[in-house]
Amino acid sequence: PITMSINIGINGFGRIGRLVMRAAQNKPNVNIVAVNDPFIPVEYMEYMYKYDTVHGRAGGKITHDAENKTLNIDGSEVKVFGEMDPSKIQWGS
């Protein structure tokens, strides 16, 4: 069988955005490459992802780089944007 992967950008890192990211963590053919949320700083994104009040602690290693605006989840780098208008984002950058 042919195995293909898909790169995904998440717009919004509230409850649904975090759930999508957690679900993708268990799918080897799904890569979350970017997250956009103009209201949540990358430091707090790391915290909310690690310690979800409903779904508990996330497995794996989660860190952030505030200077480069990235999250790192189990070695996979996720670019973080804070754009009000998602059409202005270069998702592939």
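Residues numbered from 1 in each chain as written. Predicted model: local features only at pLDDT ≥ 70, side-chain atom pairs only at ≥ 80, totals over all residues. Heavy atoms only, no water.

Details of the packing of aromatic side chains
- Taken as a whole, this structure holds three aromatic pairs when the rule is applied.
- Residues Tyr44 and Tyr47 carry aromatic rings whose centres are separated by 5.9 Å and whose planes lie at 15 degrees to one another, so their mutual orientation is stacked. In this pair, Tyr44 and Tyr47 both sit in helix H2 (residues 42–50), three residues apart, roughly one turn of the helix.
- On the basis of an interplanar angle of 50 degrees and a centroid distance of 5.2 Å, the ring pair of Tyr47 and Tyr51 is categorised as tilted.
- Using a relative accessible area of 33% as the deciding quantity, one classes Tyr51 as partly exposed.
- Among the aromatic residues, those joined into a cluster by ring pairs are Tyr44, Tyr47 and Tyr51. (Phe/Tyr/Trp six-rings, centres within 6.5 Å; stacked < 30°, edge-to-face > 60°. Helix = DSSP H or I, 4+ residues; strand = E, 2+ residues; numbered from the N terminus. Buried < 20%, exposed > 50% of the residue type's maximum accessible area, 1.4 Å probe, protein only.)

Some points on the nonpolar core
- Counting 18 residues, the largest nonpolar core has Phe13, Met21, Ile32, Val35, Met45, Tyr49 and Leu71 as its most contacted members.
- Of all the elements in the fold, those that place two or more residues in this core are helix H1 (15–25), strand S2 (30–36), H2, strand S6 (70–73) and strand S7 (76–81).
- In terms of residue count, the dominant contributor to this core is H2 (four residues).
- Non-local contacts of Val35, meaning those with residues more than four positions away in its chain, are made with Ile10, Phe13, Met21, Met45, Val78, Lys79, Val80 and Phe81. (Core = buried A, V, L, I, M, F, W, Y, C linked by side-chain atoms within 4.5 Å. Contact = heavy atoms within 4.5 Å.)

Quick word on the pattern of salt bridges
- Counted by the stated rule, this structure contains three salt bridges.
- Between Arg15 and Asp52 there is a salt bridge, with the nearest N and O atoms lying 2.9 Å from each other. Here Asp52 lies in strand S3 (residues 51–52) and Arg15 lies in helix H1, a separation of 37 residues in the sequence.
- Here Arg15 falls in the partly exposed class, since its relative accessible area comes to 35%.
- Given a relative accessible area of 6%, Asp52 falls into the buried group.
- A salt bridge links Arg18 to Asp52, with the shortest nitrogen-to-oxygen separation between them at 3.5 Å. Within this pair, whereas Arg18 is found in helix H1, its partner Asp52 is found in strand S3, the two being separated by 34 residues in sequence.
- The class of Arg18 is buried, set by a relative accessible area of 8%.
- Each of Arg15, Arg18 and Asp52 takes part in a single network of salt bridges with overlapping partners. (Salt bridge = Lys/Arg side-chain N within 4 Å of Asp/Glu carboxyl O.)

Some remarks on H1
- Buried within H1 are the following residues: Gly17, Arg18, Met21, Arg22 and Ala24. Down the axis of H1, the smallest arc covering the buried residues is 165 degrees, so these residues share one side. (Arc of directions from axis to C-beta.)

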